[in-house]
Amino acid sequence: MKKRIVALLSMALTAFSLVACGSAQNSQSDVDYIKNKGTLLVGITDFAPMDYKDSNGEWIGFDADLAKKVGQSLGVNVEFVEIDWDNKVLELNNKSIDVVWNGMTLTNEVTTSMECTNAYLNNAQVVVVPKENADQVKTVEDAQKLNFAVETGSAGEAAAVDNSFDYTSVTSQADAVMEVQAGTSGACIIDLLMAGAMIGEGTSYPDLTYTVELTTEEYGIGCRKGSDLAAYINAQLKEYYSDGSLMQTANEYGVQEAVIPQ
């Protein structure tokens, strides 16, 4: 009997130990984890003016520059990792990245699967077409006659579904724009901020323009569910807004009108 009681107590203590260990791991500070490994892994796509490469192959942009500032405040290196946008939550949970910082729309799906920061930019999803066709695409009903290219897993794809558009999914918003330029798609749906930086006079796509605004939305930054990194970033963005450096960066990339006060 005594042996049986001892065995049962041993099993109970082992189970308790495993639960306690699991709880300790789940409650580990993400900020401390990042500081200890010395690197902040930032999940991005090629998305001007948020994250894109300069002539030297270095990642720059409004989001990229802010991420670098946060990395500096943490005392760690910042490494940008191009991800499949549709797998962003999986990448976070696998710790392939520490944060999704790429003009991410705060949808219900995003806010329930990630620990998100406060909104920091306003945005919209817009229809992009060749300038020569712009007069023919002024309403959603006009747009429903077109075939679209949209980034898989994006707010643009959600807008295409919501409006019953015929569409093909591509890897990135940049690819969606190239589809329209090449004539393989009649239109695409991209972020308004990207449209302002990427199409029209003075850009690489001067013959494209945007017409119908399908949605209005807000951008946020995504961390692992339960992570304390989101609160840390909120505090940093508030500091950058107060000292004027956030608006200085916004002016550099032409997104100053979209900034939400922190």
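Preceding block: the structure.
The residue numbering used here restarts from 1 in each chain and proceeds along that chain's sequence as written. Under the rules for a predicted model, residues below a pLDDT of 70 receive no local features and side-chain atom pairs below 80 are neither given nor counted, while totals for whole chains, interfaces and linings still include all residues. Values shown for side chains rest on all heavy atoms present in the structure; no hydrogens or waters enter the calculation.

Remarks on the overall build of the chain
For step 1, the next point in the chain: Assigned secondary structure in the chain consists of eleven helices and eleven strands.
For step 2, the next point in the chain: Here the term buried applies to any residue with accessible area under 20% of the maximum for its type, exposed to any over 50%, and partly exposed to those in between, with areas from a 1.4 Å probe on protein chains only. Looking at the 262 residues of the chain, the share that counts as buried comes to 47%.
For step 3, the next point in the chain: By definition in these notes, contact holds between two residues if any of their heavy atoms fall within 4.5 Å. Long-range contacts, defined as pairs at least 24 residues apart, comprise 71% of the intrachain contacts of the chain with a sequence gap of at least 6. A run of H or I in DSSP becomes a helix once it reaches four residues, and a run of E becomes a strand once it reaches two; helices and strands are each numbered from the N terminus.

A closer look at the environment of Pro130
For step 1, the next point in the chain: Topologically, Pro130 is positioned in strand β7 (residues 121-130).
For step 2, the next point in the chain: Residues Pro130 and Ile199 lie 69 residues apart in sequence; the distance between their C-alpha atoms is 10.0 Å.

Description of the packing of aromatic side chains
In this description, an aromatic ring pair is defined by two values, namely the gap between the centres and the angle between the planes.
For step 1, the next point in the chain: Note on aromatic pairs: the rings of Phe, Tyr and Trp (six-membered ring only in Trp) are paired at centre separations within 6.5 Å, and the planes decide the class, stacked below 30 degrees, edge-to-face beyond 60, tilted for the rest. Per the stated rule, a full pass over the model turns up four aromatic pairs.
For step 2, the next point in the chain: Ring centres 6.5 Å apart and planes at 85° place the aromatic pair Phe47 and Tyr219 in the edge-to-face group. Taken together, the positions of Phe47 in the loop between β1 (39-44) and β2 (52-53) and Tyr219 in strand β11 (residues 208-223) put the pair 172 residues apart, joining distant regions of the chain.
For step 3, the next point in the chain: Here Phe47 falls in the buried class, since its relative accessible area comes to 1%.
For step 4, the next point in the chain: Charges are assigned to positions over rings by a cutoff of 6 Å between ring centre and Lys NZ or Arg CZ, combined with an angular limit of 35 degrees from the ring normal. In this structure, Lys95 packs its charged tip against the face of Tyr33, placed 4.0 Å from the ring centre.

So, the pattern of salt bridges
For step 1, the next point in the chain: In what follows, salt bridge is the name for a side-chain nitrogen of Lys or Arg lying within 4 Å of a carboxyl oxygen of Asp or Glu. Counted under the stated rule, the structure contains four salt bridges.
For step 2, the next point in the chain: Across the salt bridge formed by Arg224 and Asp30, the nearest N and O atoms sit 3.3 Å from each other. You can see Arg224 sitting in the loop between β11 and α10 (229-243) and its partner Asp30 sitting in helix α2 (residues 30-37), a full 194 residues away along the chain. For the pair Arg224 and Asp30, a shared accessibility class is recorded, and that class is buried.
For step 3, the next point in the chain: The closest approach of N and O atoms between Lys68 and Asp65, which form a salt bridge, is 4.0 Å. Here Asp65 and Lys68 lie together in helix α3 (residues 62-74), a separation of three residues that amounts to about one turn.
For step 4, the next point in the chain: For Lys68, a relative accessible area of 32% gives the class partly exposed.
For step 5, the next point in the chain: Linked through salt bridges whose partners overlap, the residues forming this network are Asp30, Lys37, Asp98 and Arg224.

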